[in-house]
2 protein chains.
Amino acid sequence: MTRFLVKDRHTQYSPAQRSLLVMQILLRAKFNENAIKMGIRRLLNDRTYIACYPLHEGNYEKNMSDGKMTDRRLLFLEWARPCKWFKKQPLWLIRRYFGNKIGLYFCWLGFYTTMLLAPAVVGALCFAYGLATINSSDNIPSKEICDENGPGKVTLCPLCDKACKYQSLSDSCVFAKLTYLFDNPATVFFAIFMSFWATTFLALWKRKQSVVRWEWDLGGAWTESQTEETRPEFEDSARHFRINPVTREKEPYLPTWEKAARFTVSGSAVLFMVAIVLSAVLSTITYRISMVSVIYGGTGLFIQEHAKLFTTMTAATINLFILMTLTKVYAVIAIYLTNIENPRTQTEYEFSYTSKIFCFEFLNCYSSLIYIAFFKGRFYDYPGDDKARESSIRKLKSDICDPAGCLSELCIQLAIVMIGKQFFCNFVELGGPLFLNWWRQRSHRLKTKDPSRTHMAWEQDYHLRDIGRLALFDEYLKMILQFGFITLFVAAFPLAPLFALLNNIAEIRLDAFKIVTQCRRPLAERVGDIGAWYGILKGITYAAVVSNVSIYFKSLERDTQGFVIAYTSDFIPQMVYKYVYSPDNTLTGYIYYSLSWFNTSDYKEDWGADDNEVDPEVCAYRGYRYPPDHPDPYGLSPQYWHVFAARLAFVVVFEHIVFGLTGLMTLFIPEMPSELKTQIERENLLAKEALYEQEHGRKTISPDNKGLLYQNSSSDMVPVKP
Amino acid sequence: MTRFLVKDRHTQYSPAQRSLLVMQILLRAKFNENAIKMGIRRLLNDRTYIACYPLHEGNYEKNMSDGKMTDRRLLFLEWARPCKWFKKQPLWLIRRYFGNKIGLYFCWLGFYTTMLLAPAVVGALCFAYGLATINSSDNIPSKEICDENGPGKVTLCPLCDKACKYQSLSDSCVFAKLTYLFDNPATVFFAIFMSFWATTFLALWKRKQSVVRWEWDLGGAWTESQTEETRPEFEDSARHFRINPVTREKEPYLPTWEKAARFTVSGSAVLFMVAIVLSAVLSTITYRISMVSVIYGGTGLFIQEHAKLFTTMTAATINLFILMTLTKVYAVIAIYLTNIENPRTQTEYEFSYTSKIFCFEFLNCYSSLIYIAFFKGRFYDYPGDDKARESSIRKLKSDICDPAGCLSELCIQLAIVMIGKQFFCNFVELGGPLFLNWWRQRSHRLKTKDPSRTHMAWEQDYHLRDIGRLALFDEYLKMILQFGFITLFVAAFPLAPLFALLNNIAEIRLDAFKIVTQCRRPLAERVGDIGAWYGILKGITYAAVVSNVSIYFKSLERDTQGFVIAYTSDFIPQMVYKYVYSPDNTLTGYIYYSLSWFNTSDYKEDWGADDNEVDPEVCAYRGYRYPPDHPDPYGLSPQYWHVFAARLAFVVVFEHIVFGLTGLMTLFIPEMPSELKTQIERENLLAKEALYEQEHGRKTISPDNKGLLYQNSSSDMVPVKP
């Protein structure tokens, strides 16, 4: 049954009834494409129709009148309910009901979630190792910091000028121990593990995808040879025509100068949005710097005691809030910009949209993390360095990590942004449609004259949310950003994969619930793979190796900063100390070794600690610099260069080993399981034989070609007699 | 005309006549494959026949009797003569006469030679830059070395114990200047240039290949879908059978345990050959070490003066000789080992052979270069270091580069091995067949009873050399090893690409002459691309980036060695000195800065210089170590770590930039020129239309499928009426 209802403002029907177009469509996407091309999408675009969608198969809440279950009801019962979270997804049913594209998304999501099990367990074990060894004898640096009669009594230079106080090293004892939980020797192993995991994940997904392609018949000439149609919107707007070199027919096109102009407009808009993101990050940094002064200037003892935790957490929350707002704003802008660019085909449209959204979201999600991981405190020299106070931009030079170290700050930021984003997203994703659908239904009921009339299926579906053609992009994007969180910054927060796993288990059922009950049935589409996302995942995997090693590099650079602690993650300096400088090859004495001394009389006016404080003769800061009485006071000491060289060597060795081994690994994981390969070869052979038989039966085969049909199969060299 | 002559020892024919099999074959390889499969190759293998080849098209020395030119004559005149070296190759004719596989080889070789033009010119310019600036004011280090009143009067510690003399720094003046020719600031640029060139070469070859594939019709379903036949040798030897999962027919196979056993045998033979190569390299090193002592102990003044040059050059020549001998031996062994492995198909056979030959030849050609480039002198500490003399293996620790530096030694080694190998190979390649063919013809004439009888075409061809199925592998291998020479070690010898270019221009015509006049006509084969070689080229390109940067790293590590000079290549230490330590940001004073001092009274017994020499109080050696009166005498100084860190930073930055940029570059060079893409799409469309028309004309098309034929072309959405 197919109905076309033309929009007409003067009939007595309700608004929903008046302007509906309901089509019962077959699941063959291509057929629909053609049908739509012939007019419907164009009519939708000029708002002659307001909707066009395939109908759902009945109500999901009860069986059909004859007691049979519809696919939708079955999907709801077996897949979309949270209580089924532990069950395998019925992918064949999802595919049958929603089409290949959505089936493939859930297949990928399920595979990704299963693969997350390994890093979740290993990450939790790393955390557990930290928990178990926090008080062990291996954790010498923490012990020395907490030793109030030993290194712990060292006086540290103040964290900020005029507002902060001198502290003793042992004040940071609790922080040092807490940081150790996330940042212990096992984390180095975990970072390497994650690089291998990410590569394995990609290789195994390729295998899995090739199996799915075969089972669902997605590959072959179908996807490869098709020439894509022009978007009706493009055809509408085109003013220029040319002869297509392939079909030799007239077609609309955009001249290069117009393309360039449109691209310039949308490109500068993207740059503008990027600038907004970066300035948001900058303002968060400024907030953090000023908060420290404010808190130390105040009197609240509780806040003062937890100042660093407080500022970091509020800054991260503000950051999360800005991030979520910008995402919502940008999602609208990106579609608008893509429409300005006006790409010719749907693929180009989706590519343009994807690249815009990805570039922006990448910066939006990661820029504050990247700043903390790679830049924060990098430019700080030593307490009395007068270059740091000259201008307001240079003030950023004095943005140093809190005593718990950059890694712990990164950890807090990552945890809040990632978990907060997931929670908020899931809430909006589920709550949004629920509320909107309720609201639409309600307003519809109010306008209907005859409330007793039962709603038709197409009316009921009209109240549901239109899922749109780009909906899956948002889902993929969310998952890929999560993949970035857990691979790029895993060195900072080993529990991230665990949280991702928990989120994804919920995500699958939430998405399922949403798509089965709260959305109109989407148009079935046929795709061969997950598209551009595979390339993006690959890029992130490369970046993850560089990032992990660089985070180590950076977290170890901290010793050029003014402030101390988090010694525990100083893997390389500790190794250098242990095997080069230490008299007994243990970490005993490492704390003293890694401190440098500052003469408080070298503080210029307005610098130094709070006026109420009594200046000690010297205070300590983290770094390998000469003492004040050296001919080159505060100059970099040989140890600095030694540690620096060791770190660079770590980068070189780690990167070459990981890239080399992952490269080898991908060489040795074949893209297709061997059984599948045999199966496909067998099918090709049978197809060839069938073709031969058919041609043969028709007696249309020419004598010259007879031999060629069998030439590729070694089974039978003598041509079959007619 | 096809003749089969069965071998029969009792007829009155000459040996050649008796056992010839001559086939006039079509150029369609597949047809031949089947014909051969049906018996001929098997008969060849059990030596029932002794030869089987397609005939040449008449004599290349004169036109046919009707005055027409055969393809062979045309090829000889226009392609195979040295005087045509500047001409484009007539690839279409080569392909028509010899088939696709050989045509593709010459296409690749021509392309590679053309691409070599750029690095040859740039390399020559680098050399010219060195020549021009050798006496300029930028070349401060050379100047300071030659300044006999300045740093040049410094006394250097002796090069070897008991036999060598103290020298002054200015003695090495000429060497320092000569080295500067090959190793000046332009070389750093050249090394980076070569990394980009290699990547561009690969990307452009892919484009070129896609054009050739289309023009020659090599791509498509033909190459992809064929199941390869089993080798007759394999079928002969097989004792086990199984059901093939694809064809469901009985086929011979090797059980896994037998495969493993055969692989173990051949694998250990390969390892044994590798051990022989490595021991050859070791013996060359030992030769060099003992030669130095012998020469210094002797009296010949001329040899003594040029001792380093003399030892390096003789060592390289010995190395070349061993290398060439081992290559010849191994070529025989590799075929024998591959036969032991007994792979199932020809592709597997060729892969097994290629990997064996490549592994071996890689080590054989490059191991001495790799030793000099990355290991030589790495383990040397300082003149009085007593760890260096303990055992004979540790003696290798004292194998340090001659005063002209490791890079100059690498340059000499590379020049001799590469140019010598090329010259020798070309000589053998051309001279071998010429002599053998002459010899066969002569012995044949002697045995023939009736000398006046004119030789048939198949007899004349029988006197020529059998080119064999693996001949092209040797040609590719030679070129790929040359590619390795010029990319992996280009930092040492900027003129290498120029010599490679000259060699290849000669190589093309030599190969052409050989294949047209001195070899039997090869069986035409059809291939889609250059096969495994592309992957190997890609691997070499990656290795080249790492290698070039590491050579720099190593050439700069030389300052931990005992002996001096070649300051000119110390790019990084010079930069560090220039911008950190130098008072006026020039290289003035760099020589003093890079020297360390050794107190000659610290020499143990039997060490130090020749007994006739008067020990000065201190002698200088290259390195950043503390002076003898420091609390930690001969310990590494801060400068050492500083320079070391700067070098590692260079490695990290250089590698990331080059890999990043080359990665981006390959993304932006499409694999196919856009015109070709349009052309292929057009052809596909026409083919589809033709198929539709044909099916349509026959009226066998079912109504359901009608629309599908046009679904992919956007040209016509309304199905054509019958």
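Attention in this report is confined to the structure presented alongside it.

Thresholds, definitions, all that
- Here the residue numbering is sequential within each chain, running from 1 through the sequence in written order.
- For naming, the first written chain is A and the first written ligand is 1, with later ones following in the order written.
- Owing to the predicted nature of the model, reporting of local features is limited to residues with pLDDT of at least 70; listing and counting of side-chain atom pairs is limited to 80 or more, with chain, interface and lining totals taken over all residues.
- Excluded from the side-chain calculations are hydrogens and water; all other atoms, namely the structure's heavy atoms, are used.
- Put simply, DSSP H or I for four residues or longer makes a helix, DSSP E for two residues or longer makes a strand, and each gets a number counted from the N terminus.
- Each residue is assigned to one of three classes by its accessible area relative to the maximum for its type, calculated with a 1.4 Å probe on protein chains only: buried under 20%, partly exposed between the two thresholds, exposed over 50%.
- Contacts are assigned to residue pairs that have any heavy atoms within 4.5 Å of one another.
- Each accessible area value is a Shrake-Rupley result obtained with a 1.4 Å probe; residue values ignore everything except the protein chains displayed when judging cover.
- How far a helix is expected to stretch is found by multiplying one less than its residue total by 1.5 Å.
- Across the chain, bend at a residue is computed as the angle between axes fitted to the seven residues ending at that point and the seven starting from it.
- Within this scheme, the nonpolar core is defined by two criteria: the residues are buried Ala, Val, Leu, Ile, Met, Phe, Trp, Tyr or Cys, and they are joined through side-chain atoms within 4.5 Å.

**Description of the overall build of chain A**
When helices and strands are counted, chain A shows 24 helices and eight strands. Taking all 722 residues of chain A together, 52% fall into the buried category. Within chain A, counting contacts between residues at least 6 apart in sequence, those at least 24 apart form 75% of the total. Entry remark: accessible area of chain A is about 33400 Å², with carbon and sulfur atoms responsible for 63%.

**A closer look at the environment of A:Leu410**
Residues and elements named next belong to chain A. Here Leu-410 lies in helix H15 (residues 405-447). Judged by its relative accessible area of 1%, Leu-410 falls in the buried class. Placed 37 residues apart in sequence, Leu-410 and Ala-373 show a C-alpha to C-alpha distance of 6.5 Å.

**Digging into helix H5 (residues 100-133) of chain A**
In this model H5(A) runs 50 Å from its N-terminal to its C-terminal C-alpha over 34 residues, within 8% of the 50 Å that 1.5 Å per residue would give. At A:Leu117, H5(A) shows its largest kink, close to 30 degrees, and the proline A:Pro119 lies no more than four residues downstream.

**Some remarks on the nonpolar core**
Ranked by internal contacts, the top residues of the largest apolar core, which has 106 residues, are B:Trp79, B:Trp108, B:Trp197 and B:Phe201. A total of 14 residues in this core trace back to one element, the largest contributor, which is helix H5 (residues 100-133) of chain B. Every residue in contact with B:Trp79, bar those within four places of it in the chain, is listed here: B:Leu74, B:Gln89, B:Pro90, B:Ile94, B:Phe98, B:Phe106, B:Ile508, B:Arg509, B:Ala512, B:Ile515 and B:Val516. Residues A:Tyr353, A:Leu481, A:Val490 and A:Cys519 belong to the second largest nonpolar core, which totals 104 residues.

**Considerations on the side chain of B:Asp71**
Residues and elements named next belong to chain B. For Asp-71, the location among the structural elements is in helix H3 (residues 71-78). By relative accessible area, Asp-71 is classed as buried at 12%. Setting aside anything within four residues of it in sequence, one finds Asp-71 in contact with Glu-57, Leu-93, Arg-96 and Tyr-97.

**With respect to helix H17 (residues 471-488) of chain B**
Look at H17(B): 26 Å from first C-alpha to last across 18 residues, which is about the 26 Å you get at 1.5 Å a residue. Of all 18 residues in H17(B), 17 are buried; the element is thus mostly enclosed.

Scope: geometric values only; no functional claims are made or implied.
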